[in-house]
Number of protein chains: 2
Amino acid sequence: MFETAEVGNKTEKAEYKRQEPKLRTALLEAQRGLAGSDFSVVLLIGGVEGAGKTEFANQLLEWLDARGIAVHAWGEPTDEERERPFFWKFWRVLPAKRKAAFLMTSWYSEPIIDRVFKAASPAQFDQRLDQVIGFESMLAKEGVLLIKLWFHLSKAEQKRRFSELEKDPDTRWRVTKQDWKFHRRYDRFRKVCGHALMKTSTGEAPWYVVEAADRRYRNLTAGRLILDALQRKLKDQTARSPGSPDRSRPKPNNVIRRLDLRRSLDAAKFERRLEKLQGRLGALTRKLHKAGRSLTLVLEGPDAAGKGGAIRRLTGAMDARLYRVNSVAAPTDEEKARPYLWRFWRDLPRVGRVTIYDRSWYGRVLVERVEGFAGQEQWQRAYSEINSFESQLAEFGTIVLKFWIAISAAEQLRRFQDRQKTPYKQYKITDEDWRNRAQWGAYEAAACEMVERTSTEYAPWILVEGNDKRWARIQLLQSVTDALERSLR
Amino acid sequence: MFETAEVGNKTEKAEYKRQEPKLRTALLEAQRGLAGSDFSVVLLIGGVEGAGKTEFANQLLEWLDARGIAVHAWGEPTDEERERPFFWKFWRVLPAKRKAAFLMTSWYSEPIIDRVFKAASPAQFDQRLDQVIGFESMLAKEGVLLIKLWFHLSKAEQKRRFSELEKDPDTRWRVTKQDWKFHRRYDRFRKVCGHALMKTSTGEAPWYVVEAADRRYRNLTAGRLILDALQRKLKDQTARSPGSPDRSRPKPNNVIRRLDLRRSLDAAKFERRLEKLQGRLGALTRKLHKAGRSLTLVLEGPDAAGKGGAIRRLTGAMDARLYRVNSVAAPTDEEKARPYLWRFWRDLPRVGRVTIYDRSWYGRVLVERVEGFAGQEQWQRAYSEINSFESQLAEFGTIVLKFWIAISAAEQLRRFQDRQKTPYKQYKITDEDWRNRAQWGAYEAAACEMVERTSTEYAPWILVEGNDKRWARIQLLQSVTDALERSLR
């Protein structure tokens, strides 16, 4: 991997002086192109200590117009970062379309260091790299131009560089104890980084290794690589073809049809069980909070399935400071300018909370699929993006449960008509509800595929018979309390 | 203040059962009104421990539709909160238009506790309350309906309540050591809170004290107060009159005209001083970072005044990880849905950073005033809002410097023409620039008033003669390095 970056490439001063202004003009032009484009740029600079990552970033910001470019580096995590899954801190700084971010440390830093110092096994390391590949692939497909540069120095060259910096009183501060500590492990770093780069150099997000021994050569080479990537992307900007509605038909024998919607509960039994379950739930959510765990509940189902009422029975038992109900509506323009899941990542609660989603990220594979707001490529890859998202939540200790409340088409009609007749319920029924109803089969097909593809051990779908509201509410409460009891044992 | 809340108000069970459904229906209707409105709601519940703030919040969320309502309570500050001024954590959760937030602790909690335990003098306490008044007044004027409820219990009643809770094993956990500690200081709390409420009960954001001894009375009374406030605001929603352009004429002898724009620097001198100043600046920003201080620079001036070039000379000396250049453009829809300064608060950097604004919050009193994007009432109160914002930055240890780069109208014309003639500069000149130029006098008048009203000791305006770019750049660098040296001594 690194042999080609130890061949002694150099740029003479006169040549640099000739080339630099040209490169700069072209970079500025590309930056103006970005400002009128439909994508964002994430530039990730990794590499060997002493190779001049910061030096180059300074140079690049001098070449470019620094406005609208954010530079990020992460040290010790803040406690807000510690209270969310690893990738949260990167999601939070994802630039909007037409903007750029430079990452001086990244999602590679921690896995590599953990592996070098054997805090992670080879298998764990590979698993984390697989997560990285998934993340980067999603970024690329969601319109983020990811440019990954790796600055390389040979062991001898690194030593020379450190010693040179240490000799000069003005630059001595730049060499830290940790630099020397890392230098002593140079060979191990080289091996681990080589593996990481090999594995994560994909067609969508390839690594470019830059020989960094000569500053002028490094700057010109890195600058040109960035310019090339930008120019290619600018040329390549094919307008995304708009999605077309997906009107698949449901299979005749599917998980939803297999539900027995006649199941019901009488009022007296309901009241008894409700009171008992709510008492347990109240105590369990306090226990959850104390334990620093979180609970994420997703509610999906046809219009008028009774999601709101079920949520009310859940929250009725909880302390208002510990839960939040998120109702998922149309994205804002800031959300539209970023990858799809950004809006959910940005709002991720701190640990110890219950978050209930009345509709959720599954909109991508339900309404957006059926109505064609998302193209086929988008909603099809959403299954694995969502699985990855939920697995990160689960790994972090969040209990994730997802409910599909099923009702029959006849029951939905009855409820729609009831809403139209009752004055204070009229606001609840809109033309959109009737339009969605007309696509009953397509929604059923989409829901079945969703359950099939995203019901995982760590974030299962629970299908609830919803024709009888009392039955549905008790099922939900029961599932939630059971899951909490199991997890908080 | 609290005598009227110790008279023994009670609601009988039968009466409650009659009133509650009516209240709930009306609240739900008001909530639907909010969803179609032009304002947001911040409900702040304060009061004596044991008065049932959480109990009531739970009840209220049960009455209302919990979707879109966020409940916030702050405990120990996180380190990200600690790295910003006190009000940052409240700005960060300000709801967008049509949404509501319930604050279970607020900007009152810390000042009151500090005063009770004598961590703050009476004068410091009053100063903090004045800040609160300013903040709340701004919220009210920016379209936030602020509802402030105070739940009161007499000392005897508080004791009774704690003892009652402690007797029941199910509720024992709700009474903490701190509750009893506070109870022993009840009289002092009463005095301090009384003073705070009296002082901060303004026409725009009055306090409502609720007698909380009887749960049913408390719930109905608080619910009705919220309903009333909502209904009044909904009825009152007069469309904001759009602003009209302000074309004031500048005074003939003003701070800008008094500048000697012929001042200049020859190239050799410039290069010598530039190199020296940049070296100092690089070292000083590292020192700033180490000291955990921040630097905020604001650059304003006519189009083509040379802000971009000056910024380049500043950043050329700094580590890319330590600075950020923010170019202020049109607000996003999320920003438009909140008070004006929200967009600047939300992006407030962590300590140890340099933030450079190429145009800034002063847009309110410059372009928005001149073009009528803001009404007169809005831009006139912006002076004190901005002063308050900057004073909070300064109090927190941020060094704030503001530069007005002045050029003559003739010099601007020369630069515009140059931009039009030079192919790679053409993108820099737009029709808007020519339109702004036609309002030269109005901008000059606005700039003079801005300097007059917002040049403070803690955040001074520095006027820079800009006809000669070299001169301007050196003045800027010199001012910044001098200020850093003074502050980091």
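The coordinates are above.
The rules we used
Residues numbered from 1 in each chain as written. Chains lettered and ligands numbered in written order. Predicted model: local features only at pLDDT ≥ 70, side-chain atom pairs only at ≥ 80, totals over all residues. Heavy atoms only, no water. Helix = DSSP H or I, 4+ residues; strand = E, 2+ residues; numbered from the N terminus. Polar contact = N/O pair within 3.5 Å; in protein donor to acceptor, adjacent residues only side chain to side chain. Least-squares fit on C-alpha atoms with pLDDT ≥ 70 in both. Contact = heavy atoms within 4.5 Å. Patch = residues over 30% accessible without salt bridge, like charges linked within 9 Å, V, L, I, M, F, W, Y side chains within 5 Å. Areas by Shrake-Rupley, 256 points an atom, 1.4 Å probe, with all protein chains shown as cover. Salt bridge = Lys/Arg side-chain N within 4 Å of Asp/Glu carboxyl O. Lys, Arg positive; Asp, Glu negative; His and termini not counted. Charge placed at Lys NZ, Arg CZ, Asp CG, Glu CD. Axes fitted to C-alpha atoms, helices over the stretch in contact; angles between N-to-C directions. Parallel < 35°, antiparallel > 145°, perpendicular 65-115°, else oblique. Left-handed = near helix turned anticlockwise from the far one by under 90°. Nonpolar A, V, L, I, M, F, W, Y, C, P; charged D, E, K, R; others polar. Buried area = accessible area lost by both parts, 1.4 Å probe. Buried < 20%, exposed > 50% of the residue type's maximum accessible area, 1.4 Å probe, protein only. Phe/Tyr/Trp six-rings, centres within 6.5 Å; stacked < 30°, edge-to-face > 60°. Lys NZ or Arg CZ within 6 Å of the ring centre and 35° of its normal. Pairing = 2+ DSSP bridges. Expected span 1.5 Å × (residues − 1). Arc of directions from axis to C-beta.

Draft legend 1. How the structure looks around the environment of B:Asp260. Position of B:Asp260 among the secondary structure elements: in the loop between α10 (215-235) and α11 (267-290). Looking at B:Asp260, its side chain comes within polar contact range of the side chain of B:Arg262, at 3.0 Å.

Draft legend 2. Representation of the relation of the copies chain A and chain B in the model. Least-squares fitting of chain A to chain B yields an RMSD of 0.0 Å, with the transformation described by 0.0 Å of translation along the axis and a rotation of 180°. Taken together, the rotation and translation describe the operation of a two-fold axis. Most of the interface of chain A is mirrored in chain B, where 100% of its interface residues again form contacts.

Draft legend 3. Here's a closer look at a positive patch on the surface. Side chains of A:Lys118, A:Lys181, A:Arg184, A:Arg185 and A:Lys191 sit close together on the surface and give a patch of like positive charge. Considering the arrangement of structural elements, one finds A:Arg185 in the loop between α8 (177-184) and α9 (186-200).

Draft legend 4. Representation of the packing of helix α5 (residues 109-116) of chain B against helix α9 (residues 186-200) of chain B in the model. Residues and elements named next belong to chain B. Where α5 meets α9, the closest approach of the two axes is 10 Å, and the angle between their N-to-C directions is 135°. Between α5 and α9, the angle is such that the two are oblique. Considering how the two elements wind past one another, α5 and α9 form a crossing that is right-handed. Here Ile112, Ile113, Arg115 and Val116 of α5 lie close against α9, whose contacting residues are Arg188, Phe189, Val192, Cys193 and Ala196. Taken together, the residues of the contact of α5 with α9 break down into seven nonpolar, no polar and two charged.

Draft legend 5. Representation of the interface of chain A and chain B. Listed as interface residues are 44 residues of chain A and, on the opposing side, 44 residues of chain B. Carbon and sulfur atoms supply 49% of the area buried between chain A and chain B, which totals about 3,800 Å² over both sides. Applying the counting rule to chain A against chain B returns six salt bridges. A salt bridge links B:Glu334 to A:Arg346, with the shortest nitrogen-to-oxygen separation between them at 3.0 Å. Inspection of the region where chain A meets chain B yields 20 residue pairs in polar contact (both at pLDDT 80 or more). For the side of chain A that touches chain B, the elements supplying multiple residues, two or more each, are α1 (13-35), α2 (53-63), β2 (69-72), α3 (79-82), β7 (323-327) and α13 (333-336) of chain A. Considering each element in turn, the side of chain A that touches chain B owes the most residues, six residues, to α2(A). By residue class, the composition of the side of chain A that touches chain B is 17 nonpolar, seven polar and 20 charged.

Draft legend 6. Structural detail: the side chain of A:Arg84. Residues and elements named next belong to chain A. By secondary structure assignment, the location of Arg84 is in the loop between α3 and α4 (88-91). No salt bridge is formed by the buried Arg84. Its closest oppositely charged neighbour is Glu80, at 4.1 Å. When neighbours within four sequence positions are excluded, Arg84 is seen to be in contact with Leu348, Pro349, Arg350 and Phe396.

Draft legend 7. Structural context of the pattern of salt bridges. Residue and element names in this part refer to chain A. All chains considered together, the criterion is met by 90 salt bridges over all chains. Between Glu6 and Arg190 there is a salt bridge; the shortest N-O distance is 2.7 Å. Within this pair, whereas Glu6 is found in the segment before α1, its partner Arg190 is found in helix α9, the two being separated by 184 residues in sequence. Here Lys425 ties to Asp418 by a salt bridge, and the two come within 3.1 Å at their closest N and O atoms. A relative accessible area of 29% means that Asp418 is categorised as partly exposed. By sharing partners, the salt bridges in this structure join Glu55, Glu157, Arg160, Glu164, Arg174, Arg215 and Arg218 into a single network.

Draft legend 8. Looking closely at the packing of aromatic side chains. The final tally for this structure, using the stated rule, is 56 aromatic pairs over all chains. For the ring pair A:Trp150 and A:Trp207, a centre distance of 5.5 Å and an interplane angle of 85° mean the geometry is edge-to-face. One end of the pair, A:Trp150, is in strand β4 (residues 144-152); the other, A:Trp207, is in strand β5 (residues 207-211), and 57 residues separate them in sequence. In this structure A:Trp150 comes out as buried when scored by relative accessible area, which is 5%. Centre to centre, the rings of B:Phe87 and B:Phe90 are 6.0 Å apart; their planes meet at 65°, and the pair counts as edge-to-face. Summarising the burial analysis for this pair, B:Phe87 and B:Phe90 share the class buried. Lying across the ring of B:Tyr427, A:Arg32 places its NZ or CZ 3.8 Å from the centre. A cation sits over an aromatic face here: B:Arg369 above B:Trp379, 4.0 Å from the ring centre.

Draft legend 9. Highlighting the sheet that holds strand β7 (residues 323-327) of chain B. All names here are of chain B. Ordered by their spatial adjacency, five strands build an open sheet running β7-β8-β6-β9-β10, and the pairing between neighbours is parallel. Of all the strands in the sheet, just β7 and β10 (461-465) have a single pairing partner and so form its edges. Pairs of neighbouring strands in the sheet enclose a mean axial angle of 20°, with direction left out of account. Examined bridge by bridge, strand β6 (residues 294-300) and strand β8 (residues 354-358) share five bridges and lie parallel to one another. Within β8, the residue paired with Leu297 across the bridge is Ile356. Helix α20 (residues 469-487) contacts β6, β9 (398-406) and β10 of the sheet and is inclined by roughly 165° relative to β9.

Draft legend 10. Quick look at the packing of helix α6 (residues 122-141) of chain A against α9(A). Residues and elements named next belong to chain A. Running from N to C, α6 and α9 point in directions that differ by 40°, and their axes come no closer than 10 Å. Here α9 runs oblique to α6, going by the angle between their axes. With respect to the hand of their crossing, α6 and α9 are arranged in right-handed fashion. Across the interface between the two elements, Phe125, Asp126, Leu129, Asp130, Val132, Ile133 and Glu136 of α6 pack against Val192, His195, Ala196, Lys199 and Thr200 of α9. Of the residues that constitute the contact of α6 with α9, the class distribution is six nonpolar, two polar and four charged.

Draft legend 11. Spotlight on helix α17 (residues 409-421) of chain B. Residue and element names in this part refer to chain B. The first and last C-alpha atoms of α17 sit 19 Å apart over 13 residues, in line with the 18 Å expected at 1.5 Å per residue. Burial in α17 covers these residues: Glu411, Gln412, Arg415, Phe416 and Arg419. Buried residues of α17, viewed axially, fall in a sector of 140°; they line one side. Along α17, exposed side chains directed more than 90 degrees from the buried face belong to Ala410 and Lys421.

Draft legend 12. Structural context of helix α18 (residues 431-438) of chain A. Residues and elements named next belong to chain A. Listed in full, the buried residues belonging to α18 are Asp433, Asn436 and Arg437. Looking down the long axis of α18, one finds its buried residues gathered within 105° of arc, a one-sided arrangement. Turned more than 90 degrees off the buried face of α18, the exposed positions are Asp431, Arg435 and Ala438. Where the residues of α18 are buried, they touch α15 (367-371), α17 (409-421) and α19 (440-454).

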